[in-house]
Amino acid sequence: MLKEIEQLLVLQDRDRKIRALQTELKLAPTERKDFEDKLGVGTRQLEAAKLRAKEIEVERKKLENEAESKRTTIAKYNTQKFQTRKNEEFQALTHEIERYERDVRTIEDRELELMESAEQQKQTVAEAETAAADAKAQFARQIQYLDEKIAAINSQLGELAAERERLAGRVDEDLLDTYNRLFRSKSDQAVVAFEHDVCTGCHMKLTASTSAKVRAGKEITHCEQCGRILYRQD
Ligand SMILES: [Zn+2]
């Protein structure tokens, strides 16, 4: 294999590693956001559970006051009932008292239901609290892992960049320019294998003369379709 091709293949390998690491680095903010979103879900669920608990308590208090006010009215009517001398008024008050008592029973039933709901909601809040704490701990671990990964990638990138510079320094300048241009424009495939007279970059069949040149392996040969640099797989 041509010495230049060997050099370019090593260079291409490092460039691909650099590109892969850069891509991974670009994904880091998205990963961070995903973690934050998951943390947000847990926090929101806890807030919603607490809010519901508060709503139940507010409604229970409201019913308690309502029942209390109706009991006061019943007591008042009872007093009036035994003070009146009019039969008609006595009947009306009896009727009203019965109605109020029915109301109170309905309210009391509802209060019992709400007390049960409050108990259940207390459990839900406790579970949501545990879940939110777990999510928070997980988030801290994930962020730590992500930060460590980013630091490791940056350090690898630093090493690769230095190595790349050393390698590139050994390649002929014009050839390096061509390689760099191809690497950027041909999806990280500047130097590709030639197999069964076909360029593995664009999958087109090469002309007989190009094939012969690649086989001879004496000079840098480009695919006449895509322009990539070809090498023979030994
Ligand atoms: Zn090609």
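Here, the structure is the one placed above.
Below: a short report on this structure. (Residues numbered from 1 in each chain as written. Predicted model: local features only at pLDDT ≥ 70, side-chain atom pairs only at ≥ 80, totals over all residues.)

### Focus on the nonpolar core
- Ranked by size, the top nonpolar core spans 16 residues in total, and within it Y179, A190, V191, F194, C199, I229 and L230 carry the most contacts.
- Sorting the residues of this core by element identifies α1 (3-83), α3 (173-185), β1 (191-195) and β4 (229-232) as the ones contributing at least two each.
- With sequence-adjacent residues up to four places away left out, V191 is seen in contact with I5, L8, L9, Q12, R228, I229 and Y231. (Core = buried A, V, L, I, M, F, W, Y, C linked by C-beta atoms within 7 Å. Buried ≥ 20, exposed ≤ 12 C-beta atoms within 10 Å, placed from the backbone. Helix = DSSP H or I, 4+ residues; strand = E, 2+ residues; numbered from the N terminus. Contact = placed C-beta atoms within 7 Å.)

### Concerning the packing of α1 against α3
- Their axes nearest at 12 Å, the elements α1 and α3 cross at an angle of 40°. The angle between the axes of α1 and α3 places the two elements in the oblique class. Both α1 and α3 take part in a crossing whose hand is right-handed. Contact residues: α1 offers E4, L8, L11, Q12 and D15, while α3 offers L175, Y179 and F183.
- The residue inventory of the contact of α1 with α3, partitioned by class, reads 5 nonpolar, 1 polar and 2 charged. (Axes fitted to C-alpha atoms, helices over the stretch in contact; angles between N-to-C directions. Parallel < 35°, antiparallel > 145°, perpendicular 65-115°, else oblique. Left-handed = near helix turned anticlockwise from the far one by under 90°. Nonpolar A, V, L, I, M, F, W, Y, C, P; charged D, E, K, R; others polar.)

### With respect to the sheet that holds strand β2 (residues 198-199)
- In spatial order, the strands read β2-β1-β4-β3; together these 4 strands make up an open sheet with mixed pairing. Single-partner strands in this sheet number two, and they are β2 and β3 (221-222).
- Seen against the sheet, α1 touches β1 and β4 and runs at an angle of roughly 120° to β1. (Pairing = 2+ DSSP bridges.)

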